[in-house]
Amino acid sequence: MTNSGHDATSCDAHRSRDEGPATDDDADTDHAIIVDGLHKTFRARRGQAGVVAIDDVSFVVERGQTLGIVGESGSGKSTVARCLLGLTPVDAGSVEVLGRSIVGANPKQLRSWRSEMQIVFQEPLESLDPRYRVRDAIGEPLLLHTDMRGDVLRKRVDELLAQVSLATDLGARYPHELSGGQQQRVNIARALATDPSVIVLDEPTASLDVSVQAEVLSLLVDLQAQFGLTYLLISHDLTTIRAVADRVAVMYLGRLIEVGPVDEVLTNPEHPYTEFLIGAELSVNPHVKPAAPVVQGEVRGGERPSGCVFAQRCPLRMDACEEAQPELRIASAGHEAACLVVGNKHDLAGAAAEYRLTDEGS
Amino acid sequence: MTDPQLSVRGLELEIATRRTSTAILHGVDLTLATGHMHGLVGETGSGKSMTARSIVGLLPPGGRVTAGSVTFGDQDLLAKTEAEMREVRGAAIGMVFQNPRTALYPMLNIENQMGNVIKSHLDLDKAERVARIREHLRLVGIDDVDRVAKAYPHELSGGMAQRAVIAMALVCGPSLLVADEPTTGLDATIQRQILELIRSLQKRITLSVLIITHDLGVVAQYCDTLSVMSEGRVVEDGAVRSVLLDPTEEYTKRLITASDLGYIRTKRLAAQQ
């Protein structure tokens, strides 16, 4: 990563407008992914207001680590994944993966870089061509990106099948003949084929059964340790994020509202929405009760608020929240949240109870 | 312990295709006490949804119960004709399914759909029907009743549509609610809103709830009792605390481990050392 140092600095500068330098001031830190000031609005027609999918999102992912992006429908998390690989053009901001600027790259460049940056999608069957046998599906990226052919190619496909724990004879099957878990293993093998450094995982286990989900996540963790892979994991499920990610970024209506080490964010959340999201994670231990009250209301589309995107549903809302979008503020080392209450003790449960009362009274 | 609201004994179900017949359920037993919430949990193909469909008499084509009994209060549901079951469904037993958008008819607004349900079970005049619809929309936590009553399904968010479906399931005053994956596909915070709603309704209107889910967390946090199903059989059942904190069956243990995912985290952290 020859030029990542430069971009880490510009990223810090962006973050530090009023908070001083961000924590990753070590210029040697090896960032596989640097996203800075990303904006994306989807418009049905030119000139229309459109839907803001990503609004000024910045983050970095260290080489060999996993950043989990968590959020609910409409948070923009999947759009971030697509922008990262150049599958969706961005409106503004920069995206660097492995030192290459994705924004402004031409399709030919993107194609040639794709051997190093891969993606696994949510629906394992829909990601596979029904006419390709497993073996051909896994070999396809090798035909495109390498000059492996014949026996060499066959050996590499065998090796990949073994790496994702699929029996060699499954190679002769068609995707519809496999279980959901096996199909997703084929997608992972395809992603691994060209020896990438970065893999974007967009809800890789959301459509799988509980026990299969655990097996696939376990495989992903093993592969990361074995090959030093960098993951960007998109998920709606905090349990998955907690198990697999080193750091977590929480998104809400296109804004990144909190980011930091997984343990830190999930035990000491600073943003009220993060706290509500943690409260919605239902433990399989009946003694472990939800840590937060139930949040009222729903994500609203339509006109974007000029202030905080969560203010409408927030029990801690103050007048200042409606005035301007809160910037990310440092809560502790490497942990930032875009909320005015950062660093101040607050009683979300008490405020939520009161909020509900006044809500019903009005 | 109160009398069971619902009792299923030795239920066997087969689904016949043109030539062969496949056994789907192999002697399922299930007991739901009055006022309780019972979780029927299992993975794809475990037979949890087929058990629920057998109870309410909504079997897929070719489906046939070959043995067992389903007792609801003092009624033998398997002895009823299809016409009699239509009387039971929607009146004494309310039903909620996974996707609220497909459970609602797209061409009618919420008020008219709920009105049709009432008309088919209760003898009420228009004013009484309207009052009952409004009352039930408020019951499920909908504040802007006027808007939602006149809304078509596509105009509602997923969470709001599921509230409307629950209101429709309850509008004729059932004592049992059968909910098949009622929160799957909803966002986490909305899922919790809906589960809290079902729990509060259960207390307010004395409702027994049978909830079918793949999510052990839902069962752990909201149910009193549960049955764990696998391959058409109940592998373990009982009070939620005893089964989830001290499971006896291997399958249950595996399901708990796989749901919690803590071991993956431990493995990952060990590899980073």
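Right above here is the structure, for reference.
Below is a summary of the structure that appears in this document.

Quick word on the pairing of strand β3 (residues 66-70) of chain A
Residue and element names in this part refer to chain A. By the criterion of burial, β3 is predominantly enclosed, with five of the five residues buried. Neither face of β3 is exposed, since Thr 66, Gly 68 and Val 70 on one face and Leu 67 and Ile 69 on the opposite face are all buried. Pairing of β3 with strand β8 (residues 230-235), which is carried by five bridges, proceeds in the parallel orientation. Bridge pairing in β8 links Val 70 to Ser 235.

A few points about the nonpolar core
Of all hydrophobic cores here, the largest spans 179 residues; its most connected members are Ile 33, Leu 84 and Leu 232 of chain A together with Ala 164 and Val 178 of chain B. Top element by residues in this core is helix α7 (residues 158-170) of chain B. It accounts for eight residues. If you count residues domain by domain, this core takes at least three from each of domain 1 (1-92 + 177-183 + 203-273) and domain 2 (93-173) of chain B. If sequence neighbours within four positions are ignored, Leu 84 of chain A has contacts with Ile 33, Val 35, Val 95, Val 97, Ile 102, Val 200 and Leu 232 of chain A.

Considering the sheet that holds strand β8 (residues 208-213) of chain B
Residue and element names in this part refer to chain B. The sheet built from six strands is open, its strands ordered β6-β7-β8-β3-β9-β10 with mixed pairing. Of all strands in the sheet, those with a lone pairing partner are β6 (93-96) and β10 (233-239), marking the two edges. In this sheet, neighbouring strand axes are inclined to one another by 15 degrees on average, regardless of whether the strands run parallel or antiparallel. Where strand β7 (residues 176-180) and β8 come together, five bridges link them in parallel fashion. Pairing of Ala 179 across the sheet is with Ile 211, part of β8. Contacts from α7 reach β6 and β7 within the one sheet, and its direction differs from that of β6 by about 165 degrees.

Definitions and limits used
Residues numbered from 1 in each chain as written. Chains lettered and ligands numbered in written order. Predicted model: local features only at pLDDT ≥ 70, side-chain atom pairs only at ≥ 80, totals over all residues. Buried ≥ 20, exposed ≤ 12 C-beta atoms within 10 Å, placed from the backbone. Helix = DSSP H or I, 4+ residues; strand = E, 2+ residues; numbered from the N terminus. Pairing = 2+ DSSP bridges. Core = buried A, V, L, I, M, F, W, Y, C linked by C-beta atoms within 7 Å. Domains from an automatic or database assignment. Contact = placed C-beta atoms within 7 Å. Axes fitted to C-alpha atoms, helices over the stretch in contact; angles between N-to-C directions.

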